[in-house]
Structures are given as structure tokens and as C-alpha cells.
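# Commentary on secondary and tertiary structure
What follows is each chain in one-letter form.
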Amino acid sequence: GAVVSQHPSRVICKSGTSVKIECRSLDFQATTMFWYRQFPKQSLMLMATSNEGSKATYEQGVEKDKFLINHASLTLSTLTVTSAHPEDSSFYICSAGLGGSVLETQYFGPGTRLLVL
Amino acid sequence: AQSVAQPEDQVNVAEGNPLTVKCTYSVSGNPYLFWYVQYPNRGLQFLLKYITGDNLVKGSYGFEAEFNKSQTSFHLKKPSALVSDSALYFCAVRDSFASGGSYIPTFGRGTSLIVHP
């Protein structure tokens with residue numbers, strides 16, 4: 001149980017285009033999903049916390065107009081990288097919380113590798 | 001405030017030997033501690049967590065971790081390493097809800113485990 005999927009797994013796009021990444025909890029409902037960015041050989045950088053039915057909470061330094069997050073249902077959150085540039089190239093990982101907020105364990109998706117040319 | 005440290009960038013061990021990946025933490029209240037493993041180009045997989053109870057926590061794939069409150073540590077261990085255990089390991093901590101801490105865990109920078117045949 002507690003499976004999280006991401007789509008696509010890999011995307012290559014031209015500079016200036018927008019890219020949408022989907023994160024789905026397959027066998028449970030997740031009121032909260034998280035979006036991370038990971039640079040090579042570095043830890044996870046939390047970008048934003050996505051709550052179903054409300055606006056996402058962005059971490060300091062993350063441009064909300066650049067990284068649009070929508071959490072339309074209890075099983076789906078999307079991250080749209082708008083007007084992507086080469087510096088946006090990275091590994092993006094989502095996670096979904098299972099359980100109440102006190103004992104929450106995060107289950108991670110397999111990640112999406114974005115390459116902007 | 002909560003923080004976590006993984007003092008080793010890389011751990012090398014021979015197959016069949018015991019392994020230890022170190023993690024120390026700092027929280028205001030009681031810690032909730034997690035270990036995750038990441039294989040190349042994949043998301044993180046949950047290994048185990050400590051919330052309360054026995055200090056020795058057993059998790060997936062034969063891994064276990066020992067919570068040591070006096071040393072504020074949560075080292076990951078396995079009695080006999082396998083080559084397939086080679087991966088990136090992340091420790092995470094969050095402060096207990098009762099202490100008013102954030103429910104979002106803080107991740108360490110990761111430790112690369114290399115198991116030699």
C-alpha cells in the first residue's frame with residue numbers, strides 16, 4: 001500500500017515552454033502533498049506544501065508564479081513549471097502524507113527529471 | 001527549530017559486514033525520526049520510523065535503527081550488508097506536534113552507502 005506515482009518520469013523541453021508534472025496517490029487519499037526539488041548529490045529542498053482544496057504554501061525563495069501547484073482532489077496534485085529555463089532543470093519529487101499530521105509518514109513518488117534546453 | 005545531521009557523505013563497507021549510517025538530530029520537544037533510501041533516478045522509499053516505544057526500530061529490507069535520546073542519535077544499521085543496499089540514505093526529523101513544531105520533516109543531506117562485493 002501507500003503508492004505514489006508521478007508522470008512523466010522524464011521530460012525534455014525547450015526554454016520558454018511550460019511543463020506540468022502530476023503526482024497521484026494510488027491507494028490512499030492524501031490531504032497533503034509535498035513538492036521537492038533535488039540537485040545532484042544534494043538533499044531534498046522542499047518547494048511547497050499542497051493542501052487539497054486550498055492554496056499551496058510555498059517555502060521562502062520559491063516563486064509561486066513560476067511553480068504553479070494545484071491540488072484539485074485527494075489523490076492528485078500537479079506542479080506546473082511555467083516558462084521553463086535551463087536553470088529549472090532538476091529532479092522533482094512529490095510526496096504524500098499518510099495518516100494524521102502527528103504520525104505522518106511521507107511516501108514519495110519516483111521523481112520527474114526535467115531538462116530544459 | 002529542528003535540524004538533522006548526517007556527518008558522513010559516504011560509507012564504504014564490504015558485503016557481508018555490518019553497516020552503520022549515522023544520524024544526529026536537534027528538536028525542541030520529542031523527535032519523530034525517519035529513514036528513507038533513494039536508488040539512482042528514483043524517489044525516496046520509506047524504511048522505518050521512530051515515534052515512541054522501543055528504542056530499536058525494525059524496518060524494511062533487514063534495516064533497523066536505534067534511537068538514543070541522550071546522544072540525540074538515530075543511526076541506521078544492518079547486520080550483514082548486500083551489494084544491492086548501495087544507495088543514498090536520508091535521515092529526517094520533525095518535532096512532536098505537542099511541542100508546536102512543524103509537521104514537515106527536515107531531511108539530512110544524505111549519505112551514500114557503497115557496498116563492495
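Because the structure is predicted, anything quoted here is derived from the model rather than measured. (Residues numbered from 1 in each chain as written. Chains lettered and ligands numbered in written order. Predicted model: local features only at pLDDT ≥ 70, side-chain atom pairs only at ≥ 80, totals over all residues. Heavy atoms only, no water.)

### Quick notes on the state of the cysteines
Note on terminology: disulfide describes a covalent bond linking the sulfur atoms of two cysteines. For clarity, the threshold we go by: When the sulfur atoms of two cysteines come within 2.5 Å, that pair is taken as a disulfide. The way it works is that DSSP assigns letters per residue, a run of H or I at least four long becomes a helix, a run of E at least two long becomes a strand, and they are numbered from the N terminus. Relative accessibility under 20% of the residue-type maximum defines a buried residue, over 50% an exposed one, and the middle range a partly exposed one, all with a 1.4 Å probe and only protein chains included.
For the coordinates displayed, the defined rule picks out two disulfides over all chains. Put simply, A:Cys23 and A:Cys94 are joined by a disulfide, and their sulfur atoms are 2.0 Å apart. Note on the A:Cys23 and A:Cys94 pair: the S-S dihedral is about 80°, so by sign convention the disulfide is right-handed. With a gap of 71 residues between them, A:Cys23 in strand S3 (residues 19-25) and A:Cys94 in strand S9 (residues 90-98) connect regions that are remote in the sequence. Accessibility expressed as a relative area gives 0% for A:Cys23, which makes it buried. What makes A:Cys94 buried here is its relative accessible area of 0%. Between B:Cys23 and B:Cys91 runs a disulfide, and the two sulfur atoms are separated by 2.0 Å. Every disulfide takes its handedness from the sign of the S-S torsion; for B:Cys23 and B:Cys91 that torsion is -60°, giving left-handed.

### A closer look at the interface of chain B and chain A
Our working rule: Residue contacts are defined here by distance: any two heavy atoms, one from each residue, within 4.5 Å place the two residues in contact. Accessible area that two parts lose when put together, with a 1.4 Å probe and added across both, is what the buried area reports. Each salt bridge in this description consists of a side-chain nitrogen of Lys or Arg and a carboxyl oxygen of Asp or Glu lying within 4 Å of one another. We call two N or O atoms a polar contact when they sit within 3.5 Å, provided that within protein one can donate a hydrogen and the other can accept it, with sequence-adjacent residues counted only if both atoms are side-chain atoms. The nonpolar class holds Ala, Val, Leu, Ile, Met, Phe, Trp, Tyr, Cys and Pro. Asp, Glu, Lys and Arg form the charged class, and all remaining residues, Gly among them, are polar.
Residue-level contacts link 21 residues of chain B with 24 residues of chain A. When the two sides are added together, the surface that chain B and chain A hide from each other amounts to roughly 1800 Å², 57% of it contributed by carbon and sulfur. Summed over the shared surface of chain B and chain A, the result is zero salt bridges. At the junction of chain B with chain A, the criterion picks out four residue pairs in polar contact (both at pLDDT 80 or more). Those elements that provide at least two residues to the side of chain B that touches chain A are strand S5 (31-38), strand S6 (44-50) and strand S10 (87-95) of chain B. For the side of chain B that touches chain A, the element with the most residues is S5(B), which contributes four residues. Across the side of chain B that touches chain A, the residue classes tally to 13 nonpolar, four polar and four charged.

None of this, on its own, says anything about what the molecule does.
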